[in-house]
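The primary structure of each chain is shown beneath.
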Amino acid sequence: MSLHRKGRAALVLALVAVVAMAFRVSWNALRDIANAVGADNTAATLYPFVVDGLMALALVATLVLAGRDRTFALRVLGTYTLASLVLNYVHGLVPKLHDAQLDWTRLADWDPANWALVLLATSLPVGSIYFGSDLVAKVLHHRPAPIPAPDTNAEESTEITRNRSTADLPVSTPEPAPAMPVRMPDPVMVDFLKSTQLAKPIPTPAPAPLAAIERRPVAAESTRARRATGRVPDVARTARPRRTAAQLLDEARAATVDWSDVQITAEGIRRTVRTSPANARMLRDTLLTERAAPAA
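What you see is a predicted model, and the numbers here were worked out from it, not measured in a lab. (Residues numbered from 1 in each chain as written. Predicted model: local features only at pLDDT ≥ 70, side-chain atom pairs only at ≥ 80, totals over all residues. Heavy atoms only, no water.)

### Structural notes on a nonpolar patch on the surface
Here is step 1: Where nonpolar side chains cluster on the molecular surface, the patch consists of Leu59, Val60, Leu63, Val64 and Val139 and spans about 410 Å² of accessible area.
Here is step 2: Take the nonpolar patch: its biggest share by element is four residues, from helix H2 (residues 41-64).
Here is step 3: Take Val60: it is sitting in helix H2. (Patch = residues over 30% accessible without salt bridge, like charges linked within 9 Å, V, L, I, M, F, W, Y side chains within 5 Å. Areas by Shrake-Rupley, 256 points an atom, 1.4 Å probe, with all protein chains shown as cover. Salt bridge = Lys/Arg side-chain N within 4 Å of Asp/Glu carboxyl O. Helix = DSSP H or I, 4+ residues; strand = E, 2+ residues; numbered from the N terminus.)

### Thoughts on the pattern of salt bridges
Here is step 1: With the rule as written, the count across this model stands at 10 salt bridges.
Here is step 2: One salt bridge connects Asp261 with Arg291, and the closest N-O pair in it is separated by 3.0 Å. Separated by 30 residues along the polypeptide, Asp261 in the loop between helix H6 (245-255) and helix H7 (266-273) and Arg291 in helix H8 (residues 277-295) bring together distant segments of the chain.
Here is step 3: Given a relative accessible area of 30%, Arg291 falls into the partly exposed group.
Here is step 4: For Arg270, the salt bridge identified is with Glu267, shortest N-O distance 2.6 Å. Remark: Glu267 and Arg270 occur in helix H7; sequence separation between them is three residues, near one turn of the helix.
Here is step 5: Because the salt bridges share partners, they merge into one network encompassing Asp69, Asp134 and Lys138. (Buried < 20%, exposed > 50% of the residue type's maximum accessible area, 1.4 Å probe, protein only.)

### Looking at the packing of aromatic side chains
Here is step 1: Applying the stated criterion to the full structure yields three aromatic pairs.
Here is step 2: The interplanar angle of 85 degrees and the centroid separation of 5.3 Å between the aromatic rings of Trp27 and Phe49 together place this pair among those described as edge-to-face. Taken together, the residues span a long stretch of sequence, with Trp27 in helix H1 (residues 2-36) and Phe49 in helix H2 at a distance of 22 residues.
Here is step 3: On the numbers, 5.1 Å between centres and 75 degrees between planes, the contact of Tyr130 with Phe131 is edge-to-face.
Here is step 4: Judged by relative accessible area, Tyr130 falls into the exposed class, the value being 55%.
Here is step 5: Owing to a relative accessible area of 26%, Phe131 belongs among the partly exposed residues under this scheme.
Here is step 6: Members of the aromatic cluster, each reached through a chain of ring pairs, are Phe72, Tyr130 and Phe131.
Here is step 7: The ring of Phe72 has Lys138 sitting right over it, with the charged end atom 5.4 Å from the ring centre. (Phe/Tyr/Trp six-rings, centres within 6.5 Å; stacked < 30°, edge-to-face > 60°. Lys NZ or Arg CZ within 6 Å of the ring centre and 35° of its normal.)

### Some points on the side chain of Ser128
Here is step 1: Locating Ser128 in the fold gives a position in helix H4 (residues 111-140).
Here is step 2: For Ser128, the side chain forms a polar contact with the main-chain oxygen of Val50, separated by 3.0 Å.
Here is step 3: Discounting residues that sit within four places of it in the chain, Ser128 has contacts with Val50, Leu54, Tyr80 and Ser133. (Polar contact = N/O pair within 3.5 Å; in protein donor to acceptor, adjacent residues only side chain to side chain. Contact = heavy atoms within 4.5 Å.)

### Some points on H4
Here is step 1: Over its 30 residues, H4 runs 43 Å from end to end, which matches the ideal 44 Å to within 8%, given 1.5 Å per residue.
Here is step 2: Its axis deflected by about 35 degrees at Leu124, H4 carries its strongest bend there, up to four residues before the proline Pro125.
Here is step 3: Every buried residue of H4 is listed here: Asn114, Leu117, Ala121, Leu124, Gly127, Ser128, Gly132 and Leu135. (Expected span 1.5 Å × (residues − 1). Bend = angle between axes of the 7 residues up to and from the residue.)

### Some thoughts on the environment of Ala292
Here is step 1: Examined against the element boundaries, Ala292 turns out to sit in helix H8.
Here is step 2: Relative accessible area serves as the criterion here: at 43%, Ala292 is assigned to the partly exposed category.
Here is step 3: In this structure, the C-alpha to C-alpha distance between Ala292 and Asp261, residues 31 residues apart in sequence, is 9.6 Å.

### Some thoughts on the packing of H2 against H4
Here is step 1: H4 packs onto H2 with a crossing angle of 30 degrees between their chain directions and a minimal axis gap of 9 Å. With respect to their mutual orientation, H2 and H4 come out roughly parallel. H2 and H4 meet at a crossing whose hand is left-handed. Within the contact between the two elements, H2 uses Tyr47, Val50, Val51, Leu54, Leu57, Ala58, Ala61 and Val64 and H4 uses Ala121, Leu124, Pro125, Gly127, Ser128, Phe131, Gly132, Leu135, Val136 and Val139.
Here is step 2: Residues of the contact of H2 with H4, tallied by class, amount to 15 nonpolar, three polar and no charged. (Axes fitted to C-alpha atoms, helices over the stretch in contact; angles between N-to-C directions. Parallel < 35°, antiparallel > 145°, perpendicular 65-115°, else oblique. Left-handed = near helix turned anticlockwise from the far one by under 90°. Nonpolar A, V, L, I, M, F, W, Y, C, P; charged D, E, K, R; others polar.)

### A closer look at the side chain of Asn114
Here is step 1: If you trace the backbone, Asn114 turns up in helix H4.
Here is step 2: Those residues in contact with Asn114 that lie beyond four places of it in its chain are Arg106, Leu107 and Ala108.

### Brief notes about the packing of helix H3 (residues 68-93) against H4
Here is step 1: Contact geometry for H3 and H4: axes closest at 11 Å, N-to-C directions at 155 degrees. Here H3 lies roughly antiparallel to H4, going by the angle between them. The way H3 lies across H4 gives a crossing that is left-handed. Contacts between H3 and H4 pair Asp69, Phe72, Ala73, Val76, Tyr80, Ala83, Val86, Leu87 and Val90 from the former with Leu117, Leu120, Ala121, Leu124, Gly127, Ser128, Phe131, Asp134, Leu135 and Lys138 from the latter.
Here is step 2: Considered class by class, the residues forming the contact of H3 with H4 number 14 nonpolar, two polar and three charged.

### Looking at H7
Here is step 1: By the burial criterion, the buried members of H7 are Ala266, Ile269 and Val273. When H7 is viewed along its axis, its buried side chains cluster within an angular range of 65 degrees and face the same direction.
Here is step 2: Just downstream of H7, Arg274 is the residue with a positive phi angle, here 60 degrees. (Arc of directions from axis to C-beta.)

The quantities given are spatial measurements derived from coordinates; they are silent on function.
The structure is reproduced here in structure tokens:
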């Protein structure tokens, strides 16, 4: 166990040494790039920590986080690694950047390339603030998955399973006894040439009369729901007699003889005479007018 721990410790120390040497190699390039884009001496000295330091932070977050958060940390690590590679590559291509007294200069002769490189160099500090804060928050709020405790009843459960799988009977089932052959009597020869007559004839029973079954029509049951036939055509409808206005008025008079004026309403007349609401209102007005005429 101690050798295993020593090997892991040595591996971590070797990784830290390689990262430190790589950071020192990249120091001059990133510092000169910061001077070229207008940073002062203090800012240019701290600029390598902004880029390569966030790379180290993203690497630690990748080892701690899991799932989508780990994917995010890997993307940040890859983005800043690529940005550092581009800036180191530009530092090697432009000899002017190697001058220690350089304050500000172009990173490329072609204007679009110079604008893109300046945008990249100046946006890395802002991105370090944003992505670094996000990674630290994710690491602080990360809760590792609990390791399941070893089951103390594992041996007991195995024993129970093994016992349940055995047969319930204490003694194995005996083998079935072999079947003994049964001897059949020898066949007797019958003389078919000589007929034998029965001493006493066997009476044949008369067949009992069967009652006639009455057949009744039974409606067949249909399992399917009856479909709606839709509107019945006018030809198939039964013709209803249409009453004239005089006939309706006579029926209304006969039905409302004993009614008071308050009881004469369109709804009451419609239900009694069985007519439409419009005819009922017409009959109501006519009857009320007839009752009011003698009084006047």
